[in-house]
Each structure stands twice: as structure tokens, then as C-alpha cells.
Amino acid sequence: MRHTSIVAALLDHAARAPNRTLVHFDDTTYSRAAICSAAAAWAGAYRATGIEPGDRIALFLENSPDFIAAYFGAHMAGAIVVLVNTQYRRVELQHILRDSGARLCVTDQARQVEIARLADEPEGMPPMLERVVVAGVNDAAFLAASKPVEPIAPDPESVAIIGYTSGTTGRAKGAMIRHRNLAANAWAVTTAWHWTEPDRLLLALPLFHAHGLCVGLHGTVYAGAEVDVRRRFEVGDALSTIAGGATTMFFGVPTMYTRLIAEARQRAVTPPPLRLYVSGSAPLAVQTFEEFAELFGQPILERYGMTETIMNTTNPYVGERRAGTVGQPFPGQEARIVDVVSRRPIDDEAPGEIQVRGPHVFAGYWDNEAATAEAFDAEGWFNTGDLGWRSSDGYITISGRARELIISGGFNIYPREIEEVLVTHPSVAEAAVFGAPDPEFGERVVAVIVPTAADAATEDDIVAYCRDRLASYKKPRVVRFVAGLPRNAMAKVQKHVLRDDFLAGALG
Ligand code: MCA
Ligand code: AMP
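The present account deals with the structure reproduced in this document. Within each chain, residue numbers correspond to sequence positions counted from 1 in written order. Ligands are numbered from 1 and chains lettered from A, in the order in which they are written. Local features are withheld for residues below a pLDDT of 70 in this predicted model, meaning they are given only at 70 or higher, and side-chain atom pairs are given and counted only at 80 or more; totals for whole chains, interfaces and linings count all residues. The basis for every side-chain value is the complete set of non-hydrogen atoms in the structure, without hydrogens or water.

A look at the site of ligand 1
Stated precisely, the cut-off is as follows: To be near a molecule or strand, a residue needs just one of its heavy atoms within 4 Å of it. For the purposes of these results, a polar contact is taken to be a pair of N or O atoms within 3.5 Å, where, inside protein, one atom must be able to donate a hydrogen and its partner to accept one; residues adjacent in sequence count only when each atom of the pair is a side-chain atom. What sets the accessible areas is the Shrake-Rupley method with a 1.4 Å probe; for residues, cover comes only from the shown protein chains. Helix and strand definitions here come from DSSP, where helices need a minimum of 4 consecutive H or I residues and strands a minimum of 2 consecutive E residues; each element is numbered from the N-terminal end. Only Asp, Glu, Lys and Arg are considered charged in this grouping, and only Ala, Val, Leu, Ile, Met, Phe, Trp, Tyr, Cys and Pro are considered nonpolar; every other residue, Gly among them, is considered polar.
Residues in close proximity to ligand 1 total 27 residues, the closest being Arg232, Arg259, Ser281, Ser408 and Ser472. Gly409 places a polar main-chain atom, nitrogen or oxygen, 3.0 Å from a nitrogen atom of ligand 1. One nitrogen or oxygen atom from the side chain of Lys475 is found 2.8 Å from an oxygen atom belonging to ligand 1. Contact with the protein chains covers 81% of the free accessible surface of ligand 1, which is 1,000 Å². Contributions of two or more residues to the shell around ligand 1 are made by helix H8 (210–223), helix H10 (254–267) and strand S13 (301–306). Class assignment of the residues belonging to the shell around ligand 1 gives a composition of ten nonpolar, eleven polar and six charged.

Below, the structure written as C-alpha cells:
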């Protein structure tokens, strides 16, 4: 059956079998009906506080049943959910809350302080932000003011979520994804992966990103299945849970798979095969694919997605899962390779840019018509900015990225954002940031700095400065000091030169 939105799927499944388990969390189970009524309570409270359809609600909290209820509640109230990485600090928060114009933010105790700190910043609190609801602190009072609402499915055409991504200009842009995009992609994913009611997914990915939310949680709800949600990924727990036998599927980023392999070797535990292991968000090394297949006795299914489009391509559920490739378009969706300059389709095997089209593709960037116009061609194809090629039998391989982007452990890091923070340090005259290979996270952040004075700041000072302002995973892992940055005739910093020098050990 096809559903018009994820909330519609939730309501349909709950109406048919209200007592079936939907969510497992911390040894407690939550039925479909329980999640629906908790969400309806949040919807009522949002409404009672003056939230109107189309208003933005920021979610800045860890994976938890509160997250899930506050999330579906926002959709039942017609609001747009703004997803915020729980590791974000004041620079990132300031931008997202201001840019989205969020009127309300739901957070938790651990993160409350980061929001409060915004008041001390030169820009002050984001002006639209009227209310902060803190799970475990004032959420009970907030929900007590709830006026009962009849749970209703949202208009499929309306915007459901804004996910911030692709800050090539230094500032992340908000990708607006409609309810119908989410539903179409959940249908495509559940169909392609044969995801059905008896499935139970172990989900240790964060719910603030498309991978955990739009694939893990939405897929579960769409299929009427069960999800075992973890606060965070902990490899020992993941391996034990999988070995426990109740799990049928696991979705992760490549770093999770390299850790699972190491853990399984160390504990000499290899669980019985699951129905499905999926990897995405970053390239899965062929070596990881092969080691996993040998140790766990089954091939990981690798797929490719983006915040703007959710899931684009997948290796087959039945058929060859080809290492190093991301497979073919999901059902009902299209993908093609075009020349990077002319944007015309090119032959199989030839490298170009990947474009995608279909019902999963987002509505555009929030409050940014120029970026939206640039993202699409005249025939409605979305330019992913990913480079790749297609084999004659249809498998797509991602070979690189047209835009500057570092993917570390599945988190995206935009060099420009780090550079902008670095140059505000009094000892930094100029900074260039790029990615270098990393055995654990795939890529790591390297910062090259031209200091204002010879002995001003140490590597530790620079790292601490970034950590104080940005999510910790964005901090440089390596800092090098140089007298000047290499530039081309247009005065543009030649990062490839810096990167080559760094990899050759020539930067000290
Ligand atoms: C944590 N740290 C990292 C990363 N994660 N450093 C670099 N890269 C990372 N990814 C650092 C922290 O800053 C911290 O440093 C230290 O490691 C310990 O932090 P902790 O949170 O305990 O780390 P962890 O739990 O071991 O995290 C590793 C992780 C996590 C589980 C792999 O990074 C993760 O959950 N990644 C998934 C990201 C994801 O969901 N991406 C989907 C994007 P310190 O101690 O110095 O502070 S959606 C997407 O891309 C599209 C749609 C798609 O295709 O899916
Ligand atoms: P985000 O902007 O966080 O949604 O990240 C999307 C980007 O992650 C894509 O544009 C790709 O560059 C990358 N990505 C996602 N899945 C894969 C994959 N399986 N292999 C390589 N890169 C991937």
C-alpha cells in the first residue's frame, strides 16, 4: 500500500493494529498507538503555544522517544521540522536558528546550555526564537498545556523538514523536503529492500540526519515494522544486540562497519546473518566490504543518498552487490551521468556528474532562490555535485565530488566553514582546510595556517579554539604552520598543492 506521508503511514498502521510495537528504547517498548498519542499531545501543545502551519520548530536533541514524539507531533501540527546536529555549538546554532526563523526549539538538558550561550554572543538570541522546550526539564509543563488534537496527516505538498547541508559558501543551506518526497522515498526504499512488518531495525544513527531519520525511522514507520533505537552507536552493544537474534537489519556508515569488524575479531563473535546490512553516507572501502563478507558471511548492501534527495541509488537486494559501487536508481526514480560542463548525458563508463530526478527530490533551499535555481537544470534534473560513472550493466560508481567537502565518519564538513572560524583567531592571518585520508573516519580535517606572528598560537590552541565554536568532529586533526599559501594566477589558494605537499610529508 502507498501512503501520502509518513504520518499517514503511522496513522494507517496504528488504526489497523494499535498495540503492535513500533519503537524499542532503553528496554521499554512503545506501540504504534502510544507513539501516535504522544505525538498528538506534542501537536496540541505546539498549537496551544501559537505554532501555526508552516512555522519552523527546531529539534536539537538526542535520539529518544521524546525526539520521535516531538517530531511527528510537529508534523501533525503542520509545522516544519528543522533538524539540528546535537554536536553543534554556538556558531552553527546561531546560523541555523536565525536562517530558518525557528519559533520554537525542543532540546535536552545536555544541550540547553549551548542555546543559552547564544544570548552572550554579539548577535544575541535568534530573534524569532520564542520558546525553548527542554526534555526532562520543562516538557511536562509544556505538554500539560496541550489542547487535544485529532491526529491528522499533513498536506503531502507542504514542507516537512529542513535539513541543513552543503555550505560551500561557508554557511549551510536549508534543504526543504516535502511530505510527499519523504513518502515516495520511503516507498522506494522499503520496496527495494523488501522491508516488511516482521522486520526489526537496529538504529544507532543520529535521528537529526537523513540517514537515521528518513531511511531508518521513516522506513520503519512506512513498512509498519519495528525499530530498536539507540542514543548513539556503541560497537560492543551493537554487536551483542545483533548476536542476540531479534534484529533483522542494521544500517550504518562505513566507520561503524570497520568498528564492527574489529570488535567481532577481538571478541571472536560472528553473529548469524541478518536479513540486511546497509552502508551509506560515505564511500564503503572495497576492503571493508570484503572483510565484512568474509567474517560475517554476507555482503553489505551499499546505497547512495543526499539530504536534498534522501536515497538515490542502491545495490540490489537480490542480485550482485558490487563492491565500490552504489548500484542503480531506486524504483520510480532516475539517475544519469552528465558532462560536468555541458550537463549533457554521456556514455557509459565515462566520468561525469551524477544527476537525479524523481518524486524524492526536494523543493529547493530555504529562503535561497539563487541556490535553488543553480541546483536544477531546465528539465528538472538535480545536480548532485557528486562525480561518477556508470558501467554498461548499470552500476554507478562515485569517483569524487565536484564541491569541496570532507566526509568524516559519515558527517559532512565544509572546509570553508572551518576556515571562517580559524581566521577570527587573533594569531591566524590566513587558513586553508582540506581533507586527508583517515583509516577510521575515511577522511580527516587538516588545517594549514599562516600565523600573524612567528610564535603566536600552538596547534592545541587552534584545535581548542575550533572546538569551542564548532561541533567537535569538525576540529582540525592536524594543524600545520606555513609562511604563505600557494596561490594560482587568480590568487585562489591551490589546496591540491597543499594537500599533495602534506601527503608527501613536505609541510613538516
Ligand atoms: C565523532 N568524532 C568524530 C566523528 N564522530 N571525529 C571525526 N569524524 C566523526 N564522524 C569525534 C568527536 O568529535 C569526539 O572528539 C570523539 O570522536 C568521540 O566522540 P563520540 O561522539 O563518542 O564518537 P563516536 O560515538 O565514536 O562517533 C563515531 C560515529 C559518529 C558513530 C561514526 O560519527 C556517527 O554517528 N556518524 C554517523 C553520521 C551520520 O549519520 N551521517 C549521515 C548523514 P573529542 O573527544 O575530541 O571531542 S546523512 C547523509 O549523508 C546522506 C543522506 C546519506 O547518504 O546517508
Ligand atoms: P549530505 O549532504 O550530508 O546529505 O551528504 C551527502 C553526500 O554524501 C553525497 O553527496 C555523497 O557525496 C556522499 N555519499 C552518500 N552516500 C555515499 C556512498 N555510498 N558513497 C560515497 N559517497 C556517499
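Picking up where we left off.
With respect to the side chain of Arg178
Cut-off, in case you're wondering: Partly exposed describes any residue whose relative accessible area lies between the buried limit of under 20% and the exposed limit of over 50%, with all areas from a 1.4 Å probe on protein chains only and scaled to the type maximum. A positive count includes Lys and Arg, and a negative count includes Asp and Glu. His and the chain ends are not counted in either. Counted as salt bridges are all cases of a side-chain nitrogen of Lys or Arg within 4 Å of a carboxyl oxygen of Asp or Glu. The contact rule is simple, with two residues in contact once any of their heavy atoms fall within 4.5 Å.
Tracing the backbone through its elements, the reader meets Arg178 in strand S8 (residues 173–178). Buried and without a salt bridge, Arg178 has Glu157 as its closest oppositely charged side chain, separated by 4.8 Å. A polar side-chain atom of Arg178 sits 3.1 Å from the main-chain carbonyl oxygen of Val361. Once residues within four sequence positions are removed from consideration, Arg178 is found in contact with Pro156, Glu157, Ser158, Val159, Ala160, Val361, Phe362 and Ala363.

A short note on the side chain of Arg403
Relative to the helices and strands, Arg403 is located in the loop between strand S20 (396–401) and strand S21 (406–408). Within polar-contact distance, the side chain of Arg403 engages the side chain of Asp386 at 3.3 Å.

Topic: the packing of H10 against helix H11 (residues 286–296)
Heads up, the rule is: Here, axes are lines fitted to C-alpha atoms. For helices the fit covers the stretch in contact, and angles between N-to-C directions go from 0 to 180 degrees. Handedness of a crossing is defined here by the sense of rotation of the near helix relative to the far one, left-handed for an anticlockwise turn of less than a right angle and right-handed for a clockwise turn.
Where H10 meets H11, the closest approach of the two axes is 10 Å, and the angle between their N-to-C directions is 35°. In this structure, H10 crosses over H11, and the sense of that crossing is left-handed. Only Thr288, Glu291, Phe292, Leu295 and Phe296 of H11 make contact with H10, whose side of the interface consists of Tyr257, Thr258, Leu260, Ile261, Ala264 and Arg265. Here the contact of H10 with H11 is built from residues that sort into seven nonpolar, two polar and two charged.

A closer look at the environment of Asn368
Within the secondary structure, Asn368 sits in the loop between strand S18 (364–365) and helix H12 (369–375). Since its relative accessible area comes to 26%, Asn368 is described here as partly exposed. Separated by 195 residues in the primary sequence, Asn368 and Lys173 have C-alpha atoms spaced 7.9 Å apart.

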